[in-house]
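Each chain, letter by letter, is given below.
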Amino acid sequence: MAPLTPHPVELDLAKGALWAQKLRGPFALACTSGSVWLTREGDPDDVVLSAGGCYRGADQGLVVVEALSRAHITVSREGVSGKLRRVLAALRQQWLVLVSLFSLYVIWGSTYLGMHIALETLPPFYMGGTRFVLAGGILYGALRLRGEAAPTRRQWAGAALVGALLLACGNGFLAIGQQRGWVSSGVAAVVVTTMPLWVAVLGSAAAFVQRRRGREGSSAAPSAGEWTGLLVGFTGAALLHLGGAMGGSTGGLLLMMLSPFAWALGSLFSRSMDLPKGLMASAAQMIAGGVIMLSLAPVLGESFPVAPSARSLAALAYLTVFGSIVGFSAYGYLIRNTRPAIATSYAYVNPLVAIALGIWLGGEAASATTWLAAIIVIAGVVIVSVARARPSRS
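Calculation notes
Throughout, residues of each chain are indexed from 1 in the direction in which the sequence is written. It should be noted that, the model being predicted, local features are given only for residues of pLDDT at least 70 and side-chain atom pairs only at 80 or more, the latter also being counted only at that level, while totals for whole chains, interfaces and linings use all residues. As a convention, hydrogens and water are excluded, and side-chain values are obtained from all of the structure's heavy atoms. Helix numbers and strand numbers start at the N terminus; a helix is a DSSP run of H or I with at least 4 residues, a strand a run of E with at least 2. Each residue is assigned to one of three classes by its accessible area relative to the maximum for its type, calculated with a 1.4 Å probe on protein chains only: buried under 20%, partly exposed between the two thresholds, exposed over 50%. Here, two residues are considered to be in contact whenever any of their heavy atoms come within 4.5 Å of each other. Only the protein chains shown count as cover for residues, and all accessible areas are computed by the Shrake-Rupley method using a 1.4 Å probe. Here the bend at a residue is taken as the angle between two axes, fitted respectively to the seven residues that end there and the seven that start there. Note on pairing: two strands pair once DSSP finds at least 2 bridges between them. Residue-level confidence of the predictor, termed pLDDT, takes values from 0 up to 100. The angle between two axes is taken between their N-to-C directions and runs from 0 to 180 degrees, where each axis is a line fitted to C-alpha atoms and a helix contributes only its stretch in contact. Stacked, edge-to-face and tilted are the three classes for Phe, Tyr and Trp ring pairs, Trp counted by its six-membered ring, which pair at centre distances within 6.5 Å; planes under 30 degrees apart are stacked, over 60 edge-to-face, the rest tilted.

## With respect to the overall build of the protein
A tally of regular secondary structure across the protein gives 12 helices and eight strands. For the protein, with 394 residues in total, the buried portion stands at 45%. Intrachain contacts of the protein at a sequence separation of at least 6 include 82% that bridge at least 24 residues. For the protein, the accessible area works out to roughly 20100 Å², and carbon and sulfur atoms hold 63% of it.

Shown next as structure tokens:
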């Protein structure tokens, strides 16, 4: 029980032997042979270390080690080098957060221009289906090689329904609108930004139905702040149409607005359905949604692309690798390591990035009305998000 010195302490422990020490500051305990059971004051989880295993602690407290078999352990204080490693690890995590945010802000904001270029010589559903089958297949293969479990039949069924709503309807309808010139890439991003507003509307409708049936659901009635945000957001969407930014027939406009509605409906379904965990859910949804889009392409009268341009193929490759694989991976990292408000903040930035890139690289035009409508829609989404984040008063 002597105080631990800055130099490593090596101990041989017979089976069943105990070693206890009151440690202060960062330390490392390595098991070089045998196996030990370790518990630490203030840590609710016990740890079993086998040969080659290492445990690091940052707080002070009593450490108790029991040898499960004859074992050799090394205990050391981390000192300056350990603190430096922890600082570098913290900086690395912050760097990964910043890189992931940049990926979502810029890469996902640029996918609308990428779709515009890909659609120059590729039909909407053939383009989208190919993109998502390739991206989902690559992600699925990487996850399986990493040891992730394959989805069950029930999970594949759930992924097919969610993928049909998110990708075939949400992404497919938007691609049709862009290909036919109903909207520019920037306006398409603004239309997609109304998705959180539709989520609030659908959630409120579900709560109303549950109350009419005499059941208390998990969704509460919209607050005054949410109603204000919905009014502001949909006013911005209406301004896009009144300002001439959304062209096409009435049916075309309805199809465009169905895109974020379908995405919101798929998002709500995904909360209650049996789906794979983590990125495997994204992979399964992309594969299933992509297969559905490829199956619907000839039904919708699309001709199989025989000679797409190199420009369109390059855009398709960009959408597959960066828009889908890199984007989804960055989003998954942010969801696991940051607050939801940070992970979903891309929704407020993507429309502005898409409009700017459309003007700069795509030769598109954006009127003052389009910029104003984008800002109003984003403001509406922010108001709804803030209102929903506040605890309700009973």
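Moving on, there is more to tell.
## A look at helix 3 (residues 153–179)
The largest bend in helix 3 comes to about 35 degrees, at Gly-163. Of all 27 residues in helix 3, 19 are buried; the element is thus mostly enclosed. The first or second residue beyond helix 3 is Gly-181, which carries a positive phi of 75 degrees.

## What about the pairing of strand 8 (residues 71–77)?
The element strand 8 is largely enclosed, with a buried count of six among its seven residues. In this sheet, strand 8 lies alongside strand 1 (residues 9–13) in antiparallel orientation, the contact comprising five bridges. Counterpart to Val-9 in the pairing with strand 8 is Val-75.

## Notes on the confidence of the model for the protein
Per-residue confidence for the protein gives a mean pLDDT of 82, with 85% of residues at or over 70. The element-level mean pLDDT for the protein is lowest in helix 10 (residues 340–343), coming to 66, with helix 2 (residues 124–145) highest at 95. The model gives residues 1–5 a pLDDT under 50, and that stretch makes 11 contacts with residues more than four places away or in other chains.

## Observations concerning the environment of Thr-111
By secondary structure assignment, the location of Thr-111 is in helix 1 (residues 79–118). Judged by relative accessible area, Thr-111 falls into the buried class, the value being 7%. Spatially, the C-alpha atom of Thr-111 lies 9.8 Å from that of Leu-316, the residues being 205 residues apart in sequence. The contact partners of Thr-111, leaving out residues within four places of it in the chain, are Leu-319 and Gly-323.

## Digging into the sheet that holds strand 6 (residues 54–57)
Read from one edge of the open sheet, four strands run 1-8-3-6, paired in antiparallel fashion. Every other strand in the sheet has two partners, leaving strand 1 and strand 6 as the edge strands with one partner each. Pairwise comparison of adjacent strand axes, ignoring direction, gives a mean angle of 20 degrees for this sheet.

## Remarks on the packing of aromatic side chains
Within this structure, the stated rule accounts for seven aromatic pairs. Aromatic side chains Tyr-140 and Trp-156 sit 6.1 Å apart centroid to centroid with 45 degrees between the ring planes, which places their arrangement in the tilted category. In this pair, Tyr-140 sits in helix 2 while Trp-156 sits in helix 3, placing the two residues 16 residues apart along the sequence. Since its relative accessible area comes to 27%, Trp-156 is described here as partly exposed. Here the aromatic rings of Trp-198 and Phe-234 are separated by 5.0 Å at their centres, their planes lie at 65 degrees, and the arrangement is edge-to-face. Here Trp-198, found in helix 5 (residues 195–212), pairs with Phe-234, found in helix 6 (residues 224–242); they are 36 residues apart in sequence, far enough to count as distant. Through pairs of rings, three or more aromatic residues link up here, namely Trp-108, Phe-328 and Tyr-331.

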